[in-house]
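Understanding the architecture of this molecule
Here's the letter readout for the chains.
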Amino acid sequence: MYGGGNTFEGLKTDSLAQEDPIRLAAFEARIARGEKIEPTDWMPQLYRKQLIRMIEQHAHSEIIGALPEGTWITRAPGFKRKMSLMAKVQDEVGHAQLLYSAAETLGKSREQMVDDLINGKSKYSNIFNYPTFTWADCCFISWLVDAGAIVNQLANAKGSYGPYCRALERICAEESFHLKYGHHCVIYLASGTAKQRQMFQEALNRWWPPMMHFFGPSDKISAHTEVLMRWKVKMGTNDEMRNQFLDMYVPKIWELGFTIPDPSLKKNENGKWQYTEPDWEEFKRVINGDGPCNKERLEVRRIAEARGKWVREALKTPKMSYATPLA
Amino acid sequence: MNLALKELLYKMADDQLILGHRNSEWTGFGPILEEDIAFSSMAQDKVGQSLALYTLLQTLGESDPDTVAFTRNANQFHNCILVELPNQEYDFSLIRHFLFDTAEALRFEALGNSSYEPLAQLARKIRGELRYHTLHANTWMKQLGSATEESITRLQNSLQIALPYALGIFEPSPYEAELIDQKIFTGEVALKEKWMAKVESVLNQTQLHLPDWKTITPVYGGREGKHSEHLQPLLDEMSEVFRIDPSAEW
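Residues numbered from 1 in each chain as written. Chains lettered and ligands numbered in written order. Predicted model: local features only at pLDDT ≥ 70, side-chain atom pairs only at ≥ 80, totals over all residues.

Quick look at the overall build of chain A now. In terms of regular secondary structure, chain A is built from 11 helices and 2 strands. Counting from the amino terminus, chain A carries its helices and strands in the arrangement α-α-α-α-α-α-α-α-α-β-β-α-α. Radius of gyration (C-alpha) of chain A: 20 Å, near the 20 Å computed for a compact globule of 327 residues. In terms of overall dimensions, chain A has a C-alpha envelope of 65 × 55 × 35 Å along the principal axes. Taking as baseline every contact in chain A between residues at least 6 positions apart, the subset at least 24 positions apart corresponds to 80%. (Helix = DSSP H or I, 4+ residues; strand = E, 2+ residues; numbered from the N terminus. Rg over C-alpha atoms; globule rule 2.2 N^0.38 Å. Contact = placed C-beta atoms within 7 Å.)

Laid out in C-alpha cells, this is it:
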C-alpha cells in the first residue's frame, strides 16, 4: 500500500547541468519511446536518486502498513476473516521484500534503507501514522487504503524503471484480492447490525481526512515535478490520482448507505470531484513526525530490528559477500 | 469410539489453532522480513488445519468451527501448554516450532493410515504442508545452532525451557488403548519414541546439547483443560470482536 504524494519534495533540477547532454538526450528519447530503463543502463543521478527514494518509501510503507492491520490478525472475528487477514498482511510484508530488492538494484542496500527508516531519515505513507481503534478501521484500510494504493500503483506500473514496474505488476495483482477482501468485510458491516453499521460509519469519519491526504498535497502547493513526469517516474499529479480514487469509490461508499464526512463533496459537470480542501498543515505536521502514531510505529520497527540483530549476525558466514538482487 | 476420536480431534485442532495464533503474532516483528513471511505462512497453514479438524468434529455432532474456536474458555481447550506459551524472543519461537512440528509431522504421517477414513485423508494433506514446516525448522536449527556464541547460547537456554513442555505434547490419553485398538491412531507413546529419535538426530547436527531425557519432568495438564495463565488472555483477544455480537456475521 502506498500514497505517492510525499515523495517528491525538494527536487533540485540544476543537478542536471552536470550530466552529459548527449547521454541525457538519448536517455530521454528511450523513455519517450516507451522503453524501460534497466539497472545496468546509464541514467542521470537525479533519476537514480528519486527512484531510490520513491521505491524505498514504498517499501517502508508496506512494512509499516503491516502494523495497523497486523494488530487485528489476533482479533479477527471468525476463521474466514482471520485466515484472509493473515494472508493479506503477509502479502504486504512480501511487497516490502520485493520492493527493497527493486531499490537495491539501484545501489542502496536493504540494511541502509531500514537504518534510514528507523532513524527517521526516510518517510513512509502518512496514513499509517493513524490508529486503528476498531475492527472497522482495519476494514477501512483493507478496502479503501488499498484501493488508493492501487490507483497509485497501477499508474506507477507504467513508469520507466523496469524492476519497479515488474514488482508493481505483481503487487497490483495481489492488491486486487485485498480490495475484494476489504470490500467484502465492509459489505458485511453495512448489511449487519446497527452496531456494525455504526462501527464502520465511525471508522469512515476518522479515516476520511487521512485518506484525502493519502495522495499528497494539492497540485497548487506541491513541488514541481515536470522532469519526473517526463522521465515517467511520477505518472500523474496528486490531484489527478485523488480524483480518480473519488470517482471510483465515492459511489461505492454511498451505495452502502454511509455518509462521507464532507458536505461539499460532489461531482461537477466536468467530471471532476469537488471537495473541502484537506488540512495540509496537519499533513505536514504528521509527515514531519508529529502524528498520533509516528513514534509508536518507528519504535516497533526499532525494537524488532534490535531484537532480531543476533539472528542476522548468526546468518552471516565468512564467505558471504553482498550480491545485488536480480532485476 | 466417538469419545476417543473426538478427544483426539479436539486436542489436535486446538494445538493447531493456538500455535497458528502465536505464529501470526510474528507478523511485522520478525528478525528479518523472510521470517515474518515464513511464520505467517505456517500460521495460515495451522489455522487452516485447525479449521479442517473442527469441521470434522462438526460432522461428528459438535458445534460449528467458529463457535467452537471463538466462544470456549481456556478450561475447555485441549491443546498442550507448549503452544500457548508467549512467543518471547525468536530463539524460543524457533525451538518451540522445531519441537512441535517435528511431532506434528510424525503424528500426521501415522494418521495417514488411520482407520477413520476422513481423518486419514485429511492427514495426508496436512502431512504435505508439514514437510515445509520441518524443513524450515531444521534449516534454522542447523544454522543458528552452530553459528555464533550468542545464537547457540540462546537456543540452548530456550531448549532447556521448552523441553518439559514439549514432552507435554504426549500427555497420556485415557483413550490411548481404544484408539490403538481401533487402529485410529498409533498412540502418544509410540509417537513420543519416534519424536525423541528425530529430535536427537537434528540436534546432533548442531552444537546444542540435549539433556538426558530421564532428567526432564514433563509438564502435563493441557490435554485435560488445565492451562497456564497465558491461554485465557490469548482467547480473550482472539474473540474480542466476535463477542461484540456472536450472532452477527462479520
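Another aspect to go through is the overall build of chain B. Counting its secondary structure elements, chain B contains 10 helices and 0 strands. Shown N-terminal to C-terminal, the secondary structure of chain B runs as helices and strands in the order α-α-α-α-α-α-α-α-α-α. Computed over C-alpha atoms, the radius of gyration of chain B comes to 18 Å, within 12% of the 18 Å expected from 2.2 N^0.38 for 250 residues, which places it in the range of a compact globule. If one aligns the C-alpha atoms of chain B with their principal axes, the spans along those axes are about 50 × 45 × 30 Å. Scored against the burial criterion, the 250 residues of chain B give a buried share of 50%. (Buried ≥ 20, exposed ≤ 12 C-beta atoms within 10 Å, placed from the backbone.)

Across the boundary between the two partners, chain A contributes 36 residues, which contact 43 residues of chain B. Listed by contribution, the elements that provide at least two residues to the side of chain A that touches chain B are α2 (45-70), α3 (79-104), α7 (194-213) and α11 (294-315) of chain A. Per-element accounting of the side of chain A that touches chain B gives the leading share, 12 residues, to α3(A). Tallied by class, the residues present in the side of chain A that touches chain B amount to 19 nonpolar, 10 polar and 7 charged. (Nonpolar A, V, L, I, M, F, W, Y, C, P; charged D, E, K, R; others polar.)

A word on the environment of Leu60(B). Residues and elements named next belong to chain B. Within the element layout of this structure, Leu-60 appears in the loop between α2 (33-59) and α3 (65-71). Since 12 C-beta atoms lie within 10 Å of it, Leu-60 is described here as exposed. As a C-alpha pair, Leu-60 and Lys-6 span 54 residues in sequence and 7.9 Å in three-dimensional space. Leu-60 has contacts with Asn-2, Leu-5 and Lys-6, leaving out every residue within four places of it along the chain.

Let's shift gears to unusual backbone geometry. At Lys232(A), a position not held by glycine, the phi torsion is positive, near 55°. Along the chain, Lys232(A) turns up in the loop between α8 (226-230) and α9 (238-255). Given 19 C-beta atoms within a 10 Å radius, Lys232(A) is considered partly exposed. A positive phi angle, close to 55°, is found at Gln88(B), a residue other than glycine. Note that Gln88(B) resides in the loop between α4 (81-84) and α5 (90-111). Its 13 C-beta neighbours within 10 Å are what place Gln88(B) among the partly exposed residues.

A separate point is α2(B). In this model, α2(B) (27 residues) spans 39 Å end to end at C-alpha, consistent with the 39 Å of a helix rising 1.5 Å per residue. Looking at the residues trailing α2(B), positive phi occurs at Gly61(B), about 105°. (Expected span 1.5 Å × (residues − 1).)

All names here are of chain A. For helix α4 (residues 110-118), the set of buried residues is Met-113, Val-114 and Leu-117. All buried residues of α4 fall inside an arc of 95° around its axis, so they share one side. Looking at the buried positions of α4, the neighbouring elements they touch are α2, α3 and α11. Looking at the residues trailing α4, positive phi occurs at Gly-120, about 80°. (Arc of directions from axis to C-beta.)

What follows covers the environment of Lys198(B). All names here are of chain B. Counting through the fold element by element, Lys-198 comes out in helix α9 (residues 188-203). Judged by the 16 C-beta atoms lying within 10 Å of it, Lys-198 is partly exposed. The spatial distance from the C-alpha of Lys-198 to the C-alpha of Leu-106 is 9.3 Å, given a sequence separation of 92 residues. Contact partners of Lys-198, with chain neighbours within four places excluded, come to Thr-102 and Leu-106.

Attention now moves to the packing of helix α5 (residues 135-156) of chain A against α7(A). Residues and elements named next belong to chain A. Running from N to C, α5 and α7 cross one another at 45°; their axes reach a closest spacing of 9 Å. By the angle between their directions, the pair α5 and α7 is classed as oblique. α5 and α7 meet at a crossing whose hand is right-handed. Contacts between α5 and α7 involve Trp-135, Ala-136, Asp-137, Cys-139, Phe-140, Leu-144, Val-145 and Gly-148 on the former and, on the latter, Met-199, Phe-200, Glu-202, Ala-203, Leu-204, Arg-206, Trp-207 and Met-211. Within the contact of α5 with α7, the residues separate by chemical class into 12 nonpolar, 1 polar and 3 charged. (Axes fitted to C-alpha atoms, helices over the stretch in contact; angles between N-to-C directions. Parallel < 35°, antiparallel > 145°, perpendicular 65-115°, else oblique. Left-handed = near helix turned anticlockwise from the far one by under 90°.)

Moving on, we get to the packing of α5(A) against helix α6 (residues 162-190) of chain A. All names here are of chain A. Running from N to C, α5 and α6 point in directions that differ by 150°, and their axes come no closer than 8 Å. When the interaxial angle is binned, α5 and α6 end up roughly antiparallel. Judged by the twist between their axes, the crossing of α5 over α6 is left-handed. Along the lines of polarity and charge, the residues of the contact of α5 with α6 split into 15 nonpolar, 7 polar and 2 charged.

To continue, consider the confidence of the model for chain B. For chain B, mean pLDDT is 97; residues scoring 70 or higher make up 100% of the total. Across the whole predicted complex the pTM is 0.95, and at the interface the ipTM reaches 0.96. (pLDDT = per-residue confidence, 0-100.)

Residue and element names in this part refer to chain A. Structurally, Glu-174 is set in helix α6. A tally of 18 C-beta atoms within 10 Å means that Glu-174 is categorised as partly exposed. Between the C-alpha atom of Glu-174 and that of Ile-150, which follows or precedes it by 24 residues, the distance is 10.0 Å.

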